[in-house]
Amino acid sequence: MTSRVLCRVNRLLEQAAGTRPVLGLDTSTSIASLALIARGKVAASLERSATSHGAALPAAIDELVGAAGLSIHDVGAIAVGTGPGSFTGLRIGLSYAKGIAMASGCALVGIPSFDAMALSALERHNTDEGRLVCVVVDARKGEVYAALYRVVADGLQKLSEELVIALEHLASRITEDVMFVGDERAKDAAALVKSRGHWVAGFDTGMLDLRGVCVAALGGARFARGETDRAASIEPLYIRTPEATFKPTSKNPAGTGTEGVWSIEKKNSFGSI
């Protein structure tokens, strides 16, 4: 069972205030989102659309660190989005983060990209407590990556692990009001659920512009607790699970009844996207 709370960004920044600066980056989509936090504040952030993250990422990080008046050697930890998302983008982001960590000696923290997406949306759209939040991103092959959250008093409660599922299968099992977050496939999911009479908050690209900030803040809080990852063990979050059932829980933010939100019936191995 998955059930844990992701604090709001201001709380995360407070938790990380006593650490050295933390660089956050996420390359799970075609837009790289980066941020640098220091002394409990967002020192700098930027987004950069690129056809090749490998070519654009080094210059973007140099620009980001320079805008904060720091050098890469001032960074105490680098937090990196682990996916799911673009296989190539994830490999590039993780490889670059590992390279910086090995060269500078800073700590490394892996953050699920969907956690950052959901938290970014909440920061931009302060929705009602108890509301269901579903992150949806295209997984190709007629499927989507998805994960489920619920708004609670101090942030988001993560109700499910990330998995891959047919869009129609996902939409048919959402039986309450929901806020969808993600890419164009989130719009498709919203339309399907709305047609069944539920209130739906649709996708808005502006809701994801804090992805890098959220990765940095989530990573900074973990860094402050001493929860870092070894470069050899951190890997992209690749998911190809073909069959699953989806059972949203009741609107109980206290966390009861969250068991079985995602119930995997069968696991199989798929090829890469």
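Use the structure listed above.
Bear in mind that the values here come from a model prediction, so they are computed numbers and not experimental data. (Residues numbered from 1 in each chain as written. Predicted model: local features only at pLDDT ≥ 70, side-chain atom pairs only at ≥ 80, totals over all residues. Heavy atoms only, no water.)

Looking at the sheet that holds strand β3 (residues 31-38)
The strand order across the open sheet built from 5 strands is β4-β3-β2-β5-β6, with neighbouring strands paired in mixed fashion. One side of each edge strand has no neighbouring strand; the edge strands of this open sheet are β4 (41-49) and β6 (107-111). On average, each strand axis in the sheet is inclined to that of its neighbour by 15°, with strand direction left out of account. Note: strand β2 (residues 22-26) against β3, 5 bridges, orientation antiparallel. Bridging from a neighbouring strand, leucine 25 pairs with leucine 34 of β3. Sheet strands in contact with helix α2 (residues 53-67) are β2, β3 and β4, and its direction is about 25° off that of β3. (Pairing = 2+ DSSP bridges. Helix = DSSP H or I, 4+ residues; strand = E, 2+ residues; numbered from the N terminus. Axes fitted to C-alpha atoms, helices over the stretch in contact; angles between N-to-C directions. Contact = heavy atoms within 4.5 Å.)

Examining the packing of α2 against helix α3 (residues 87-104)
Helix packing geometry: the angle between the two helix axes and the distance between the axes. At their nearest, the axes of α2 and α3 sit 10 Å apart, and the two run at 40° to each other. The pairing of α2 with α3 is recorded here as oblique in orientation. Crossing of α2 against α3: the hand is right-handed. For the pair formed by α2 and α3, the contact residues are His53, Gly54, Leu57, Pro58 and Ile61 on the first element and Gly89, Ile92, Gly93, Tyr96 and Ile100 on the second. Looking at the contact of α2 with α3, its residues break down into 6 nonpolar, 4 polar and no charged. (Parallel < 35°, antiparallel > 145°, perpendicular 65-115°, else oblique. Left-handed = near helix turned anticlockwise from the far one by under 90°. Nonpolar A, V, L, I, M, F, W, Y, C, P; charged D, E, K, R; others polar.)

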